[in-house]
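Chain residues, written in single-letter form:
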Amino acid sequence: MLAIKNGKFIVPNAAGDFVFREEGALLCEGEKIKGFVSEAEIPAGAEVIDAQGNYVAPGFLNVHIHGCAGADTMDCTEEALAKMARLQAETGVTGFLPTTMTCRWHEVEDALATVMDTMENKPAGAQILGAHMEGPFISPAKKGAQAEENIRKADYKLVKPWEKVVKIITLAPEELPDYDFADKCHAAGITVSIGHTAADYDKAIEAVREHGIHHFTHVYNAMTGFSHRAPGVVGAAFDTADAYCEIIADNVHSHPAAQRLLYHAKSGKNIVLITDSLRACGLGDGPSELGGQEVFVKGELATLKDGTIAGSVATMNRCVKIFWENTGAPLPQIIEMVTKNPAQELGWYAERGSLTAGKRADIVIFDDEVSIQQTIIGGKKS
């Protein structure tokens, strides 16, 4: 049994909104949260963690990450995914979706097979919860750092063998001949996301309101921007209250003001912070690689040879800190963006995503700088 005391706990109130709770201790039994008790009620023999006045929150969820620690999803090895899992845990993440690139289809399949095998073998660190497919069903006009020669038309026969592992597919809705592909994804429980798209505002709004595509991949990046006469995909993301919007809050992919604009446009709701990090994350400056393309890293910026931004080197705790600084939003609300929001959208909230009795004991303790003091995964210190 594990007990955490002396913390500023971030918990849901009666309405489900996250707030602070500063009394009592959080008790965990096995892999599950048992609930809150007074410090006097902590059972004898329980392992006690003194949070020393730091924040105690649900473990972070990262639903868009290509790599870190010198490893990448497209390495197609369990060793690579294990490296990623370890660094994710060190940065407060307790569950993540390794994300594939627009590579040759057999390489995407190899990566998905490796994710599935690694999920079963359960390496130490953050839990692998499935995979996010970023492409290959995207727009050549908004390919970003994706390789154009590997872009292809959406075909559900390609995806069907991987229904159990794929949780999100990023695609360009204007490249679909109709919405049959999206309908089949939804029937299989796969979230379809608008991204790497040259769609206009009307097409994006149609996808959300008429076809249930309620997720936007890294808002602002690789999509049509906002203009007062052509609101674009960014305008559609702003204008659909029930759609979830990813954002890379690293001050490279999105300016601080752009982060504030998204926050206000969405009234602080349905925002999902992601890292979109590549293998260079955690390694410092120097050359690296993404999807077979050479990448150069300097500070917080990673680019291809032609200067195209090529994913981030941000960690999730850093994104939380940056978004908090840039928006001035209440910390509990920002924590929803890396816990409750992705868990609700992907159907995980009944089992994870809040410090609620009966849910998985996935917990992170951090200070005012969002420096991680302790990560607990399934009731065990990572």
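Worth saying up front: this structure is predicted, and the values here are computed from it rather than measured.

Cut-off values and rules
Residues numbered from 1 in each chain as written. Predicted model: local features only at pLDDT ≥ 70, side-chain atom pairs only at ≥ 80, totals over all residues. Heavy atoms only, no water. Buried < 20%, exposed > 50% of the residue type's maximum accessible area, 1.4 Å probe, protein only. Helix = DSSP H or I, 4+ residues; strand = E, 2+ residues; numbered from the N terminus. Arc of directions from axis to C-beta. Contact = heavy atoms within 4.5 Å. Pairing = 2+ DSSP bridges. UniProt positions renumbered as here; feature names shortened; annotations may be inferred. Phe/Tyr/Trp six-rings, centres within 6.5 Å; stacked < 30°, edge-to-face > 60°. Lys NZ or Arg CZ within 6 Å of the ring centre and 35° of its normal. Axes fitted to C-alpha atoms, helices over the stretch in contact; angles between N-to-C directions. Parallel < 35°, antiparallel > 145°, perpendicular 65-115°, else oblique. Nonpolar A, V, L, I, M, F, W, Y, C, P; charged D, E, K, R; others polar. Domains from an automatic or database assignment. Buried area = accessible area lost by both parts, 1.4 Å probe. Core = buried A, V, L, I, M, F, W, Y, C linked by side-chain atoms within 4.5 Å.

Trainee: Just give me the short version of helix α5 (residues 201–211), but keep the residues and values in it.
Mentor: When α5 is considered as a whole, its buried residues turn out to be Y201, A204, I205, A207 and V208. Buried residues of α5, viewed axially, fall in a sector of 155 degrees; they line one side. Exposed residues lying more than 90 degrees from the buried face of α5 are D202 and E210. Looking at the buried residues of α5, the elements they touch are β15 (191–194), β16 (215–216) and α6 (232–238). Just downstream of α5 lies G212, where phi reads positive at about 65 degrees.

Trainee: Can you lay out the sheet that holds strand β7 (residues 55–58) for me, pointing to particular residues and giving the numbers?
Mentor: An order of β3-β2-β7-β22-β23-β24 is seen for the six strands of this open sheet, with the pairing classed as mixed. Looking at which strands have only one partner, the edges of the open sheet turn out to be β3 (18–21) and β24 (380–381). Where β7 and strand β22 (residues 363–366) come together, four bridges link them in antiparallel fashion. Bridge pairing links Y55 to F366 in β22.

Trainee: Can you break down the UniProt feature "binding site: substrate" (unreviewed entry) in the chain residue by residue, with the values?
Mentor: The sites that carry the UniProt feature "binding site: substrate" (unreviewed entry) are, in the present numbering, A145, N221, A222, R229, H253, I309, A310 and G311. Across 167 residues of sequence, these annotated residues are also dispersed in space, with a maximum C-alpha separation of 29.6 Å. Taking relative accessible area as the criterion, N221 reaches 17% and is therefore assigned buried. What N221 contacts, discounting residues up to four positions off in sequence, is I248 and H253. Along the chain, the position of R229 falls in the loop between β16 and α6. We classify R229 as exposed; its relative accessible area is 74%.

Trainee: Can you explain the packing of aromatic side chains? Please cite residues and give values.
Mentor: The final tally for this structure, using the stated rule, is 11 aromatic pairs. Centre to centre, the rings of F137 and F181 are 5.3 Å apart; their planes meet at 70 degrees, and the pair counts as edge-to-face. Residue F137 is located in the loop between β13 (131–134) and α3 (156–159), and its partner F181 is located in helix α4 (residues 180–187); the two are separated by 44 residues in the primary sequence. Note on F137: relative accessible area 2%, which makes it buried. Its relative accessible area of 6% is what places F181 among the buried residues. Among the aromatic residues, those joined into a ring-pair cluster are F20, Y55, F60, W324 and F366. Sitting above the plane of the Y55 ring, K8 keeps its charged end 4.4 Å from the centroid. Against the face of F36 rests R21, its NZ or CZ located 4.1 Å from the ring centre.

Trainee: Which residues make up the UniProt feature "domain: Amidohydrolase-related" (unreviewed entry) in the chain, and what values do they have?
Mentor: According to UniProt, the feature "domain: Amidohydrolase-related" (unreviewed entry) maps to residues 55–380 in the numbering used here. The straight-line gap between the two end C-alpha atoms of residues 55–380 is 18 Å; of that span, 29% is helix and 23% is strand.

Trainee: Could you give an account of the pairing of strand β5 (residues 32–37), naming the residues involved and the relevant values?
Mentor: With five bridges joining them, strand β4 (residues 25–29) and β5 adopt antiparallel strand pairing. Bridge pairing in β5 places L27 opposite G35. The hairpin turn running from β4 into β5, its antiparallel successor, is two residues long, and G30 in that turn takes a positive phi close to 65 degrees.

Trainee: If you had to explain the sheet that holds strand β20 (residues 293–298) to someone new, which residues and values would you point to?
Mentor: Spatial ordering of the open sheet is given by β19-β20-β21, a layout of three strands whose pairing is antiparallel. Because the sheet does not close on itself, it has two edges, and the strands there are β19 (286–290) and β21 (301–304). Across the sheet, the mean angle separating the axes of adjacent strands is 35 degrees when strand polarity is ignored. Inspection of the sheet shows β20 paired to β21 by four bridges, in the antiparallel sense. Paired with V295 across the strands is L304, a residue of β21.

Trainee: Please set out the packing of helix α7 (residues 256–265) against helix α8 (residues 316–327) residue by residue, giving values where relevant.
Mentor: Two quantities define a packed helix pair, namely the angle between the axes and the distance from one axis to the other. Packing of α7 against α8 leaves a shortest axis separation of 9 Å and a crossing angle of 80 degrees. Here α7 is positioned roughly perpendicular relative to α8, judged by the angle of their axes. The segment α7 lies against α8, with P256, Q259, R260 and Y263 engaging I322, F323, N326 and T327. Looking at the contact of α7 with α8, its residues break down into four nonpolar, three polar and one charged.

Trainee: Tell me about the domain arrangement of the chain, and please be specific about residues and values.
Mentor: With domains assigned, the chain is organised as domain 1 (2–56 + 357–381) and domain 2 (60–346). Each of domain 1 and domain 2 has a C-alpha centre, and the two are 29 Å apart. Taken together, the contact between domain 1 and domain 2 spans 20 residues of the former and 21 residues of the latter. Counting each side, the surface lost to burial between domain 1 and domain 2 is near 1,500 Å², with a carbon and sulfur contribution of 68%.

Trainee: Explain the nonpolar core to me, and be specific about the residues and the numbers.
Mentor: Membership of the largest hydrophobic core comes to 105 residues, with the highest contact counts inside it found for F60, I169, F216, L273 and F366. Counting 15 residues, the second largest nonpolar core, distinct from the first, contains F9, V11, A361 and I363.

Trainee: I'd like a rundown of the environment of Y55, residues and numbers included.
Mentor: With respect to the element layout, Y55 can be found in strand β7. Measuring from C-alpha to C-alpha, the distance between Y55 and L301 comes to 29 Å, with 246 residues separating the pair along the chain. Excluding anything up to four places from it in sequence, Y55 contacts K8, F20, W324, L331, V364, I365, F366, D367 and D368.

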